[in-house]
Structure formats: structure tokens, C-alpha cells
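Okay, here's what each chain looks like letter by letter:
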Amino acid sequence: MRIKTQTKGRIRRELDKRAPKLVETGKKTLILHGTKTSSVLNSVLTEIYHLKKGNSIKYSRKNDKIRPFESGGEASLEFFSLKTDCSLFVFGSHSKKRPNNLVLGRTYDHHIYDLVEVGIENFRSMESFSYDKKLAPQIGSKPFFAFIGEAFESVDELKHLKEVLLDLFRGEVVTNLNLAGLDRVYVCTAVSSNKIFFSHCALRLKKSGTVVPRMELVEVGPSMDMVVRRHRHPDDSLRKEAMKTAPELTKKKVKNVVKDDIQGKLGKIYIPDQKVGDMPLTNNVKGLKEERREAKMKGEDSKPTPKKQKQDAE
Amino acid sequence: MAETQYEVDLGNLLAFDAHHQFASPPSSREEIVKEALEQGTKLVQAVADALFNLPSTEDLEGPIVKLPAPTSRLPREKPLPKPRPPTKWEVFAQKKGIQKRNKEKLVFDEQTGSWKRRHGYDRVNDDNDIPIIEAKATDEPGTDPFAERRKEKKSKVEKQEKNRLQNLKQAQKAGALPSHIQLAATSLPITGTQTMPKKVSKDELQNVAGMAATSTASGGKFDKKLPGEKPPKHEKKYRKFLPAVEGSGMGDMERQQTEKVLNKLISKNSHEILNVEKAVNMYNVKREKRQRKQGGGQSSSSSKFKPNKKSFKKTSHKGSSSNKGKSK
């Protein structure tokens, strides 16, 4: 057996970063496009890249062989996902049948997990909005999400799209959040059963009487209409596996412990009955020494059996 | 719009209004935008309400709150890592109750009276630095103690490497190999009943496809090729000719070619060039003649048995003439 170990520390650290972890940190996104793109699509892709500047990779070349919805056309995507360690991808393509097409996809273990195909209409880029520059959101800040419309609950495709959009723009899951750094919102409104209006706004926190500031939304970022075209759900078994959380993380219920404010922590201990009669007694039990001594005393009355003298050789 | 309960997911800073409906089909785009922003403001306000009411600690940059875990679950990107099985040492240490103790990097060296590092350049108790080793009573006179120490160290290192490999194999069995390590089986000894199944190489597999193709009527020329399959290896030329002009006189290649042909032919027909039977007969005859001469002195007409020397000269004719009568 031979061990292939990367001995260089830097490479080893990089590989360990890509190893599966119990609790996962932010997902990276891969942005690329197919054979033909339109100017609208190009700007959409660049703007998404700018929105997710720290954790996304944008490929500039065209990729012919990628067809996410066909069985053979995913190999390239999976390969890129493996090489760049990206589990989300945004694939843009333009054709007569599907103009301004954007495929948002996720991978699990570098294999395609699910896909949502969306058409972009009425796109307005970031430059077209005029606003006070001081409000511009910082790169990498944690965004608010606002989903409006009952269609997000009732229509299967929009439900899927909601999940994918959340995954795409969420960023890292953090426990400690600095309230001063909240400055962006993604607003998604379901206009009809297959169309949503997506917009990115900056937040302005205004003084109000209470601790909670008053929120004001100012449109800054790209805004577009997304028309859901096709989508593919993940396999049930794959979904089950991907949704698994580590068993150690689930909180264990502690039994027989009660916290009292007066007395503190109280615990109940259950002791089973001791079976005294059935226990076998060993020879080393001290109590038996008395018995033995008594028995010996009694036995001394009767003459001890005389020791047989050795008969000398006759 | 009636004030309804929004679904708020604090961990994701998400607010979802599941009850909103457009009262009338929106006429223009501005209306949609306006409506969206209005509703969005309400939703964000709801989230912010919950958010700012969390207990916060003051920091330099601003108040920091502890966010709860997100309620809407999203799929993982990589499978759960499997727990690593404990190594042999770890099992032993647990059983014995041995605690891990971190050693300091600097150790005080009595000899020099300074602090030296534990490992690395100029270390304490370096094995190579010992100038004198006192002989023990058990030592044999001829052995070299320095060489012995070196051998011992080497065996220790080998043993440690073997143990490390065993631990990694156990980890691989459990599926929990560390990500920067790959175990590859190079050459396995043939142990008893099981031998390693021979792994077919990439080249062999490519050749197999070609071999299958030759069984078709058209020699595999019109078979559909899979992507990535290379065309069958075949040179355009079926016959090789020597270059027309190559230097002056009989060039090297031509000479080699003729030499090759000659050698082949001679070796093929060497049994006809040298007729073994005839040679044996001639030798026997000679011997008999000698014996008779010695024995009797009676000379028999040996004209019949005279050696025919002409047969050896047939080699110059490339052996073709000798084939005529022979049925070999």
C-alpha cells in the first residue's frame, strides 16, 4: 500500500478546507454562460457576480457542451464544480426558443442536485438607478429577504425558486450579527403564478422612538422579472441524504434532571433492589472467619487424626 | 392590506408574506414596483422588530446580537463526514487513562546551560551528537555502538510508519480517510487463495474496442464512435518502400534490407544447403575405409563413395535450385 500524501502544508490546508465538514460554511457560486448570450444576460451575470463578490467565480469563456437539463450535458458542470469547489452555479444562455435564459442550480457532492430555469425580462442594471451614494450596500453584508405573494407557497415551481434564491444570496450562516451592518434587502414579489419581480434594495435605518429603527427601502441594485420556465426537483433519496444533519448536533433531552430556582439542579437517581439472598459468598468474606474459628474450636474436642508416621524402611 | 402574520425566519433574516394577493391585476410596471417596495418595507420592519429586541452586547462597531439558527432548512453541499475510528494508540491511551500532555518547545540543556529547542536544528539530546558511548558488560567487542543506535532508530521509524499505515487503512475501511491522503495499492503479494484482480489499463481497453471492431464486415470503419474514443490506429501506408535516392552506392538501409532477407532464407533452407544425412554417410564411409585399410588392406572401389564436394557450392544460388528435387 502506498500513501499519497500532499506534504506541502499549503496544499494540505487547501484540501482540508474542501473536505466535508459537520457544520457547513458558505457555498461558493460559479457563474458561466453557454454558446450564445445576449447583452442583457451578460449584464445580469456580471451584476450577480458583483452582488456576491467574495464567494463567487465568474468564467468568461463560452462553454459549448453544457446543457443542464439533458442527461449528458451536465458532465462539464460537475467537473467545474469539483475543480472550483462551488456548489451553486448560474448558467446563462440565449436562444430563440428561450431568450435570456438563466439556469440556477445546486450540486450535492459535486453532482447536480436540482435546477431552476428562469427567463429574464425587464432588466434594469445597477447603473440605471440613481440614489444617494452613501446608501450603497457593502460587499458581503448579510441581506434581508422579503418574499411576497401566496403563490410562493401554493405553486411548486415558485416554492422551489424561493429556496434556490435564498440559497444563492444568503451568504454565510452566522450566529453573531452586527446590527449596524444591515444594509440590503432582496425583495421578491409573485406577480403571477410563474412570474416574480426580483429587486435588490438598500436599507436606510431611520430614527424612531423605540429601539427598533424605521426601515426605508431604496432601490439600488438590479431589478428584473423572472419567468419560471423549467425546473427539476432533486431525487427523493438524494434529498433525504442532503438534508441530514449530524446526529451530534441534535440536542439531547436530559432525563431525571430538574432545575429548581431555590435549590438549584436536582437529579433523581434510581437504584434497583439489592438481592441479598442470592448473592454468592466467596471464601474471602471477613464474616466467615468467625464461623471458621468456632467450627475449629468445636472440632478440637475430638481428637485430631493422628499423623501417620513414616514407616522406616523395613 | 390587512395586517397579517408574516413567517419570519430570523436566522436567515427572512420574512415571507403568504397571504398577499394583488387586489387587481397590476396595470403598469411602476405599480408593481411600488407595491413591492411597500410590502417589502413592511416585511423588513417585521424582521427588524424581532431582531432588535434580541439581547445585544455593545461592541466598538455597533450592537451585536446572537442570531438563532435558521428555521428553513437548506440542503448540504457535501455529504456528512464520517467519524474517524480511534487509532491504536488512542484506544490504548483511553483504556489506561493516559492524558495528553503538550510539551514545551524549549528545553533547558544542562550541558550547555542554555535553552535549546526540543526538535530541529541544534536540539537537545541529539542522537548524532554523542561523542562517547561507554561499553556495557553485555556488549560484544566487535560491534559498533553508533551503528547499533542508528539501526535501532531506523527500525523505530519503520515501525512507526507501519503503524501509521495500519491506522490509515482502518480509517479507510470506515470511510473516514483524511482529505489530503489517498491510499493506492501498488503491488500486493499473492496471498493464499486471493490474488489481486488484474486491473486493465486505459490502453488495453482502447485496444479491445479496436479488436471488436475488426470482427465487423467492414473492419470497424463505419462504427459509431463514442465521444473521446480515438480512431483505430493504422498507418495510411500498407507497404514500406525504401527511399529512391539515398546517398551514393548501396546505402545502409538497402544493405540492411538485403542482409535481412538473405539471413532469413539461409536459415530457412540451411538444412538443404547442408545435407546432414549425406554428410553423416560420407563420414561413416570414410571411417570404414580407414578401418578396412588398417584391417585388411583390401581396397574396394571407392569411386562410388567418393565425397562429392560439389554439393557445398550450392549456397551461392540462394538455395532455390536445391529445392527442386527435395520434398521438404
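Residues numbered from 1 in each chain as written. Chains lettered and ligands numbered in written order. Predicted model: local features only at pLDDT ≥ 70, side-chain atom pairs only at ≥ 80, totals over all residues. Heavy atoms only, no water.

J.: Explain the interface of chain A and chain B to me, using residue names and the numbers behind them.
T.: Listed by partner, the interface residues are 76 residues for chain A and 61 residues for chain B. Carbon and sulfur atoms make up 64% of the surface buried where chain A meets chain B, a total of about 6,400 Å² over both sides. Linking chain A with chain B are two salt bridges, by the criterion used here. Lys-78 of chain B serves as the salt-bridge partner of Asp-85 of chain A, at 2.9 Å between the closest nitrogen and oxygen. For the pair chain A and chain B, the number of links is 23 residue pairs in polar contact (both at pLDDT 80 or more). The element that contributes the greatest number of residues to the side of chain A that touches chain B is strand β11 (residues 214-232) of chain A, accounting for six residues. Class assignment for the residues of the side of chain A that touches chain B results in 38 nonpolar, 15 polar and 23 charged. (Contact = heavy atoms within 4.5 Å. Buried area = accessible area lost by both parts, 1.4 Å probe. Salt bridge = Lys/Arg side-chain N within 4 Å of Asp/Glu carboxyl O. Polar contact = N/O pair within 3.5 Å; in protein donor to acceptor, adjacent residues only side chain to side chain. Helix = DSSP H or I, 4+ residues; strand = E, 2+ residues; numbered from the N terminus. Nonpolar A, V, L, I, M, F, W, Y, C, P; charged D, E, K, R; others polar.)

J.: Quick one: what's the story with unusual backbone geometry, residue by residue and with numbers?
T.: Phi is positive for Asn-256 of chain A, which is not a glycine, with a value near 65°. When you line up the elements, Asn-256 of chain A lands in the loop between α6 (236-242) and β12 (257-260). Phi is positive for Asn-125 of chain B, close to 55°, though the residue is something other than glycine. You can see Asn-125 of chain B is positioned in the loop between β6 (114-117) and α3 (145-173).

J.: Quick one: what's the story with the packing of aromatic side chains, residue by residue and with numbers?
T.: Tallied over the entire structure, the rule returns 12 aromatic pairs over all chains. Ring plane angle 50° and centroid distance 6.5 Å describe the contact between Tyr-108 of chain A and Tyr-113 of chain A, whose orientation is recorded as tilted. According to the relative accessible area criterion, Tyr-108 of chain A is buried, its value standing at 5%. Aromatic ring contacts, followed pair by pair, group Phe-145, Phe-147, Phe-152, Phe-169, Tyr-186 and Phe-198 of chain A together with Phe-16 of chain B into a single cluster. Of note, Arg-124 of chain A hangs over the ring of Phe-129 of chain A, and the distance from its end group to the ring centre comes to 4.1 Å. (Phe/Tyr/Trp six-rings, centres within 6.5 Å; stacked < 30°, edge-to-face > 60°. Buried < 20%, exposed > 50% of the residue type's maximum accessible area, 1.4 Å probe, protein only. Lys NZ or Arg CZ within 6 Å of the ring centre and 35° of its normal.)

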